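Residues per chain, in single letters:
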Amino acid sequence: MKDAAPVAPAPIRLEDYQPFGYEIDSVALHFTLHPTATRVRAKIAFRPNPETEDRTFFLHGEGLRLIGAKVDNVEVQPIVSETGLTCSVPDAPFLWEAEVEIDPQANTALEGLYMSNGMYCTQCEAEGFRKITFYPDRPDVMAPFEVTIDSDLPVLLSNGNPVGHGKWQDPHRKPAYLFALVAGDLVAHSDSFTTASGAEVDLNIWVRPGDEDKCAYAMDALKRSMRWDEEVYGREYDLEVFNIVAVDDFNMGAMENKGLNIFNSKYVLASPETATDRDYDLIEGIIAHEYFHNWTGNRITCRDWFQLCLKEGLTVFRDQQFSADMRSAPVKRIEDVLQLRARQFREDAGPLAHNVRPDSYIEINNFYTATVYEKGAEVIRMLRILLGPALYEAGCTLYFDRHDGQACTIEDWLSCFEEVAVADLSQFKRWYTQAGTPKVTARWGVEGEDFVLDLSQEVPLTPGQPLKEPAVIPVVLALYRDGEEVLPETLSVLDGPSMRLSWPLAELGGEGEIVPSLLRGFSAPVILDAPMGVDDRLTLMRVDSDPFNRWEAGRSALRDELLEMIKGQEAVTPALLEAMEAVLRDESVDPAFRALMFALPSEDDLAQACVSANLVPDPTLIFEKRKEMQRQIAQAMAAEFERQYAENTPEGAYSPDAEQAAQRALRNTCLAYLTRVEGPARAQAQYDAATNMTDQMAALTCLLEAGETGAAEAFEAQWSGDRLVMDKWFMVQVAHAAPAEAVNVAEWLALHPLFDWKNPNRFRSLVAGLTAGNPAGFHDPSGAGYRFLADWLLKLDGLNPQTAARMSTAFETWARYDADRQALIQEELARIADTPWLSRDLGEMVARMRAD
């Protein structure tokens, strides 16, 4: 029999931070690799930390078999527990030695050292290093590492510079979470890079044999990232070699280990035949993100995990800047905001809301969230807007110069900008310490001889934060009158509960109604409540010089129209159809932008819009009305869709560049609309003729939407041997199944011999295909979707708690829905919570989502 279930873990709190009692001068690790019995010998030079008097010597360790330990070459008998060990040590510098044995093959959690298809690899962020050897596994303990790897495998990699086969030295001090090791039968796609100062860097992307022809774009993205970071932030690379390894079994997207980035294969491998334009876009952005961490995360890391946004929010903002420079900046901004609203606004509105810098956690893996990453990036963007590009650049330079080699806090970051700008950012800091998405209310009109604009803000209550204070909100705005811009773009700062802005009418010219363009470029991550009628929205959609707000006007008009259809309106307003067709015809506008204009608000967006309008969302009704709007738009503009479909066929060989990708985006958008009224013939013809995965997947999606399930069988027959393409196959069938059949389709696919549920990519493809890709199916009133998710979370939790916990967030919006659906979701959450031996990861998430 098992022992009694463990006591629920206590939260770890920011206010309780204390530095570790010892510093480390050097770390030497020696690995003797074996699938089930790897030996790790560690030699670590400790010395007392002068910043604290606490001399408790506790080293983290989980799942380790201690073979022996020494202090200054004298054998010791530490006290070992499930979480680590304690030992008596001198109050002076000393050498710690320990040998442990671990079982990589049994490590299904994919944290620490594990195996993936015969390859040894590691994932140590956030707390995986403690599964490799006993160590103070916390980000503020930094040290240089020397690593030796004994194995018959041909490729033996670790951090830093190579000093022999299987021998590596990293001269830069780093925390243990940045340690990496890879060993396997791998081949390299190699290149080189010359830094601005003339240093030569060897570049390698290591993959399984047979994948080497899918690395060219990732390598190109890496070299462009390195050059961009030099030119924009003045940051050069600092080692002799930069290695990337593609791994199939990986919980996250990628990991920035110093000099040895480990990537989920899907964010490295690409060819025109197997990867979509979106895949190429993600590869470019994630390659850049992990490389940029070399400075914002590695050279300067976070003092504790509460400061995670210091490295992640800043690095997300940097990769967004990079992608905007590489592609269309307006399109990139729209895509970033769509993701922010879909993931982070949803998080902020529910039981999982938390600060950008959390106050406490039970399992840190549960805080690798959209709030930390995407909202954290928006906070950096606002700082740049408020201070201006020059002061932002000066503040970053001071931060790099002052804190290189340190583990820092948000206060360290902000103090650099306070110094260069001679400004007090204490109120701005509330963006880090308050959860919730602020709501900005705007009202305007004419009073006497002035046009007045009243702005107010409200930060909603969130779990654990009953009191809120005003945030600093940069409001970038312009004014339009008679279709002309009468007030050029200007910045106002809303930093109190309310403010009034006014302009003399005589200075604004014209005689017509004045329409404000607010939050241009989405200058702050807020919800805007502005009483704008359809005519005003269509005016901005036609004339606004800010591309984001032009798109936002159209998006808002479509959302409002869909809400009216949900309430009972049958036909789309003719004026909206005319405005949409004008956008479609406008050849001066980027095709990718036009494609985004025709992407209707998602079912999840509309569910939240219903809540904001005091309606209880009906997922099935939302699905039906959204399809009906697509049909009416397609019917009204069929001729123009057909013309654009024909004229946006890229010329020449496939290229993932922005120009061709934009054409394909618009062409495939036209295909989706045309299929609504023509049937599947055109989609079938495109599928049969497709020479790239973008066009093939677009056609397959249209065919599935049209009920042509035989296309999925043909796709499987063609691509069953490509693991990444088959991930798409699993997802697309569930996402585009009829809602009433979606759970049945998911259950059927779960029985497929290629459904390896232990592989995170494959698991996410199937389960997220239902929970995120088919909301009406997931929220079927029978509760079958909820039971399906709960069953799989419980099955996965025993092997991979991290992935199970992250997938559980599909339940976070339960409070939106009717009483019956709420009860069904809470029943599943209770079933999960009552399961014996639930992981700390999933247990924390479920506890936060359960009703009080």
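Residues numbered from 1 in each chain as written. Predicted model: local features only at pLDDT ≥ 70, side-chain atom pairs only at ≥ 80, totals over all residues. Heavy atoms only, no water.

Caption draft 1: Examining helix α28 (residues 840-849) more closely. For α28, the full list of buried residues reads Asp841, Leu842, Glu844, Met845, Val846 and Met849. Along its buried surface, α28 packs onto β23 (360-361), α25 (784-797), α26 (801-807) and α27 (819-833). (Buried < 20%, exposed > 50% of the residue type's maximum accessible area, 1.4 Å probe, protein only. Helix = DSSP H or I, 4+ residues; strand = E, 2+ residues; numbered from the N terminus. Contact = heavy atoms within 4.5 Å.)

Caption draft 2: View of the environment of Tyr217. With respect to the helices and strands, the residue Tyr217 is situated in helix α1 (residues 216-233). Residues Tyr217 and Val268, spaced 51 residues apart in sequence, show a C-alpha to C-alpha distance of 8.1 Å. Leaving out residues up to four positions away in the same chain, Tyr217 has contacts with Arg224, Tyr280, Ile283, Glu284, Arg327 and Pro656.

Caption draft 3: Looking closely at the pattern of salt bridges. With the rule as written, the count across this model stands at 72 salt bridges. Asp279 serves as the salt-bridge partner of Lys728, at 2.4 Å between the closest nitrogen and oxygen. In this pair, Lys728 is assigned in helix α21 (residues 723-735) and Asp279 in helix α2 (residues 277-292), connecting sequence segments 449 residues apart. Note that Arg327 is salt-bridged to Glu284, the shortest N-O span being 2.8 Å. With Arg327 in the loop between α3 (308-326) and α4 (329-348) and Glu284 in helix α2, this residue pair connects regions lying 43 residues apart in the sequence. By relative accessible area, which is 2% here, Glu284 ends up buried. One network of salt bridges, in which partners are shared, links Glu581, Arg585, Glu587, Arg594, Glu640, Arg643 and Glu647. (Salt bridge = Lys/Arg side-chain N within 4 Å of Asp/Glu carboxyl O.)

Caption draft 4: Molecular detail of the pairing of strand β5 (residues 65-71). As paired elements, β5 and strand β9 (residues 94-102) share 6 bridges and run antiparallel to each other. If you follow Val71 over to β9, its bridge partner there is Trp96. By the bridge criterion, 3 bridges tie β5 to strand β6 (residues 74-76) in an arrangement that is antiparallel. Residue pairing for β6: Lys70 is matched across the bridge by Glu75. In sequence, β5 turns back onto β6 through a hairpin of 2 residues, with Asp72 there showing a positive phi of about 50°. (Pairing = 2+ DSSP bridges.)

Caption draft 5: Structural detail: helix α22 (residues 742-750). Buried within α22 are the following residues: Ala742, Val743, Val745, Ala746, Leu749 and Ala750. The buried residues of α22 all sit within an arc of 160° when viewed along its axis, so they share a single face. Those residues of α22 hidden inside the fold are in contact with α21, α23 (760-771), α24 (775-778) and α25. (Arc of directions from axis to C-beta.)

Caption draft 6: View of the sheet that holds strand β28 (residues 484-494). A sheet is described by the order of its strands in space; here 3 strands give the open sequence β28-β27-β30, paired in antiparallel fashion. This sheet does not close on itself; its edge strands, each paired only once, are β28 and β30 (514-517). Ignoring which end each strand starts from, the neighbouring axes of this sheet average 25° apart. Along the sheet face, helix α5 (residues 370-387) touches β27 (473-481) and β28 and points at about 65° away from the line of β27. (Axes fitted to C-alpha atoms, helices over the stretch in contact; angles between N-to-C directions.)

Caption draft 7: The packing of α27 against α28, seen in detail. α28 packs onto α27 with a crossing angle of 145° between their chain directions and a minimal axis gap of 10 Å. The element α27 and its partner α28 pack so that their crossing is left-handed. Mapping the contact onto sequence places Gln826, Leu829, Ile832 and Ala833 in α27 and Leu842, Val846 and Met849 in α28. Taken together, the residues of the contact of α27 with α28 break down into 6 nonpolar, 1 polar and no charged. (Left-handed = near helix turned anticlockwise from the far one by under 90°. Nonpolar A, V, L, I, M, F, W, Y, C, P; charged D, E, K, R; others polar.)

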